[in-house]
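# Coordinate inspection notes
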Amino acid sequence: MQEGDVALVDVFNLQFCIWGTGKYGKLFINKIVEYSNICKHVFNIDILENINYFIDNDIEKQKQDFYCKPVKSPSYFYADTVDICAIATVRGKEIKMELEENGKKDNLCCVTW
């Protein structure tokens, strides 16, 4: 490995959350399940273990769990320390702008899907 390279195992040790439990959240998690099955077979790594929780703006409307992971409010996310936030909702660009304007946490990677 050269300087700046990240070991495959290190990449799969990152903890992340997924913002969105609607249509885009379901599509995104289905893709993650596909990739997880491949990684389990090839690398013996389960990506799904690294999903800490889902975020939804209206947790009262949502169930407690989504794909066997807890659903948390945005306020919980702001207090937490995850490495990656995957924004999988129709409001993706709006949420990403809001995070950047309102004190996005250091060392947090936000991706819009």
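Our subject is the structure listed above.
Note that this is a predicted model, so its numbers are computed, not measured.

### Describing the pattern of salt bridges
Evaluation of the coordinates by the stated rule reveals two salt bridges. The salt bridge partner of Glu34 is Lys31, with a shortest N-O separation of 3.8 Å. Of the two residues, Glu34 and Lys31 both sit in helix 2 (residues 23-43), three residues apart, roughly one turn of that helix. Judged by relative accessible area, which is 43%, Glu34 ranks as partly exposed. Between Glu94 and Arg91 there is a salt bridge; the shortest N-O distance is 3.1 Å. Here Glu94 falls in the partly exposed class, since its relative accessible area comes to 46%.

### What about a nonpolar patch on the surface?
On the surface, Tyr24, Leu27, Val90 and Trp113 cluster together into a nonpolar patch covering about 400 Å² of accessible area. Its location among the elements puts Tyr24 in helix 2.

### Some points on the pairing of strand 4 (residues 69-72)
Of the pairings in the sheet, the one linking strand 2 (residues 51-55) to strand 4 comprises two bridges and is parallel in character. Note on strand 4: the bridge partner recorded for Ile55 is Lys72. Judged from the two bridges that link them, strand 3 (residues 65-66) and strand 4 form a sheet pairing that is antiparallel. Bridging across to strand 4, Phe66 finds its partner in Lys69. In sequence, strand 3 turns back onto strand 4 through a hairpin of two residues, with Tyr67 there showing a positive phi of about 55 degrees.

### Focus on helix 4 (residues 92-101)
What helix 4 keeps buried is the set Gly92, Ile95 and Leu99. What you see down the axis of helix 4 is that its buried residues fit within an arc of 70 degrees, all on one side. Among the exposed residues of helix 4, those pointing more than 90 degrees away from its buried face are Lys93 and Glu101.

Criteria and cut-off values
- Residues numbered from 1 in each chain as written.
- Predicted model: local features only at pLDDT ≥ 70, side-chain atom pairs only at ≥ 80, totals over all residues.
- Heavy atoms only, no water.
- Salt bridge = Lys/Arg side-chain N within 4 Å of Asp/Glu carboxyl O.
- Helix = DSSP H or I, 4+ residues; strand = E, 2+ residues; numbered from the N terminus.
- Buried < 20%, exposed > 50% of the residue type's maximum accessible area, 1.4 Å probe, protein only.
- Patch = residues over 30% accessible without salt bridge, like charges linked within 9 Å, V, L, I, M, F, W, Y side chains within 5 Å.
- Areas by Shrake-Rupley, 256 points an atom, 1.4 Å probe, with all protein chains shown as cover.
- Pairing = 2+ DSSP bridges.
- Arc of directions from axis to C-beta.

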